[in-house]
Amino acid sequence: MSLTPLDIHNKEFSRRLRGYDEDEVNEFLDQVIKDYESVIRENKEMKNQLMAMQERLDHFTNIEETLSKTIIVAQEAADEVKINAKKEAELIVKESEKNADRIINDALGKSRKIALEVEELKKQASIYRTRFRSLVEAQLELLKHDGWESLEKREPSLETREAY
């Protein structure tokens, strides 16, 4: 059990011959009481400050833990977003490649079809030109024959004149 200032103040010493001067002892004890009270007050203040500091330390420790957890969660979320964005980008690239292949294949198909149509049209134009040339040549041959000259020399018949 620790001493209190009151214990010091109430302490009575037994008397003996040739003992200490009572006034000096009392004066010294009063000084001890004052100093001891001061030490007790300082001790209480220090304990209170220590408790306040401990509470602040606990508070900041909690904040630190919360921030740590928040940073970890944020990092995990950022990693997940990055992974999802990468997957989405890969899907977009694959879809774009498929679309590009489809467009190219469609264009190649149309190009082949048009090329075949052009060839067919060239063949038809060549056939038409050959037939037209044959027709024109046949007509020229007809015009070259003497049969036309005999028709030109004959007089038109009555029926032909009425047609004019």
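Please refer to the structure higher up on the page.
Notes on the structure in this doc start here.

The rules we used
- Residues numbered from 1 in each chain as written.
- Predicted model: local features only at pLDDT ≥ 70, side-chain atom pairs only at ≥ 80, totals over all residues.
- Heavy atoms only, no water.
- Helix = DSSP H or I, 4+ residues; strand = E, 2+ residues; numbered from the N terminus.
- Contact = heavy atoms within 4.5 Å.
- Patch = residues over 30% accessible without salt bridge, like charges linked within 9 Å, V, L, I, M, F, W, Y side chains within 5 Å.
- Areas by Shrake-Rupley, 256 points an atom, 1.4 Å probe, with all protein chains shown as cover.
- Salt bridge = Lys/Arg side-chain N within 4 Å of Asp/Glu carboxyl O.
- Lys, Arg positive; Asp, Glu negative; His and termini not counted.
- Charge placed at Lys NZ, Arg CZ, Asp CG, Glu CD.
- Buried < 20%, exposed > 50% of the residue type's maximum accessible area, 1.4 Å probe, protein only.

A word on the environment of Leu3
Part 1: Within the fold, Leu3 resides in the segment before helix H1 (5-10).
Part 2: Sequence spacing of Leu3 and Tyr36 is 33 residues, and the spatial spacing of their C-alpha atoms is 9.2 Å.
Part 3: With residues near it in sequence (within four places) discarded, Leu3 still touches Ile8 and Tyr36.

Concerning the environment of Ser2
Part 1: Mapped onto the fold, Ser2 is located in the segment before H1.
Part 2: Ser2 has contacts with Asp7 and Tyr36, leaving out every residue within four places of it along the chain.

Brief notes about a negative patch on the surface
Part 1: On the surface, Asp21, Asp23, Glu24, Glu27 and Asp30 cluster together to form a negatively charged patch.
Part 2: With respect to the helices, strands and loops of the structure, Asp30 is situated in helix H2 (residues 22-144).

Considering the pattern of salt bridges
Part 1: Taken as a whole and judged by the stated rule, the model has three salt bridges.
Part 2: We note a salt bridge from Lys122 to Glu119, for which the minimum N-O separation is 3.9 Å. Taken as a pair, Lys122 and Glu119 lie in helix H2 at a separation of three residues, close to a single helical turn.
Part 3: The exposed category is assigned to Lys122, whose relative accessible area is 52%.
Part 4: Owing to a relative accessible area of 42%, Glu119 belongs among the partly exposed residues under this scheme.
Part 5: For Lys144, the salt bridge is made with Glu141, and the minimal N-O distance between the two is 3.8 Å.

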